[in-house]
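# Remarks on the overall topology
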Amino acid sequence: MPLPRSQFRIVSGLAGGGSVSLESTNFPGYYLRHRGYALYVEKNDGSALFGGDASFRRQAGLADSAGISLESQNFPGRHVRHRDGLLYIEAVSSSAERASATFHLE
């Protein structure tokens, strides 16, 4: 996959309230959003549900404060984390889960 297809920019959250959203750099108007606790890249349909699903609270990394973690805006307590090569929003408790919910920006 070409690199631009895997990159996102952090923008003001679609749901407001100080949240952030992740917009595709290659496909403007497409955002990372959760459905059924799994994350997908989808076109913004302008609905409040989409805005909530595509908005996150940016925090210091749960495993490393030099990184960031993203908590779901509409499912507090669930963070974006990677597992088995995919992204989900899930509750985290163990050190391995905190590490998989911590991302480093480049």
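Going by the structure above, here's the rest.
Residues numbered from 1 in each chain as written. Predicted model: local features only at pLDDT ≥ 70, side-chain atom pairs only at ≥ 80, totals over all residues. Heavy atoms only, no water.

Let's shift gears to the packing of aromatic side chains. Two measures describe an aromatic ring pair: the distance that separates the ring centres and the angle between the ring planes. Counted by the stated rule, this structure contains three aromatic pairs. With a centroid separation of 6.1 Å and an interplanar angle of 65°, the aromatic rings of F27 and Y30 are classed as edge-to-face. The class of F27 is partly exposed, set by a relative accessible area of 42%. Both rings, one in Y31 and one in F50, keep their centres 6.5 Å apart while their planes meet at 75°; by these two values the pair is edge-to-face. On the criterion of sequence distance, the pair formed by Y31 in strand β3 (residues 30-35) and F50 in helix α1 (residues 48-53) is long-range, its members being 19 residues apart. Since its relative accessible area comes to 0%, F50 is described here as buried. When the ring centre of Y37 is taken as origin, the NZ or CZ atom of R78, which lies over that ring, is 3.9 Å away. (Phe/Tyr/Trp six-rings, centres within 6.5 Å; stacked < 30°, edge-to-face > 60°. Buried < 20%, exposed > 50% of the residue type's maximum accessible area, 1.4 Å probe, protein only. Helix = DSSP H or I, 4+ residues; strand = E, 2+ residues; numbered from the N terminus. Lys NZ or Arg CZ within 6 Å of the ring centre and 35° of its normal.)

As for its position among the elements, S21 is in strand β2 (residues 20-24). For S21, the side chain forms a polar contact with the main-chain nitrogen of L14, separated by 3.0 Å. (Polar contact = N/O pair within 3.5 Å; in protein donor to acceptor, adjacent residues only side chain to side chain.)

What follows covers the pattern of salt bridges. Inspection of the entire model under this criterion finds seven salt bridges. The closest approach of N and O atoms between E23 and R9, which form a salt bridge, is 3.5 Å. With E23 in strand β2 and R9 in strand β1 (residues 8-12), the pair connects residues that are 14 residues apart, well separated along the chain. Note on E23: relative accessible area 11%, which makes it buried. On the basis of relative accessible area, R9 is assigned to the partly exposed category, the value being 35%. (Salt bridge = Lys/Arg side-chain N within 4 Å of Asp/Glu carboxyl O.)

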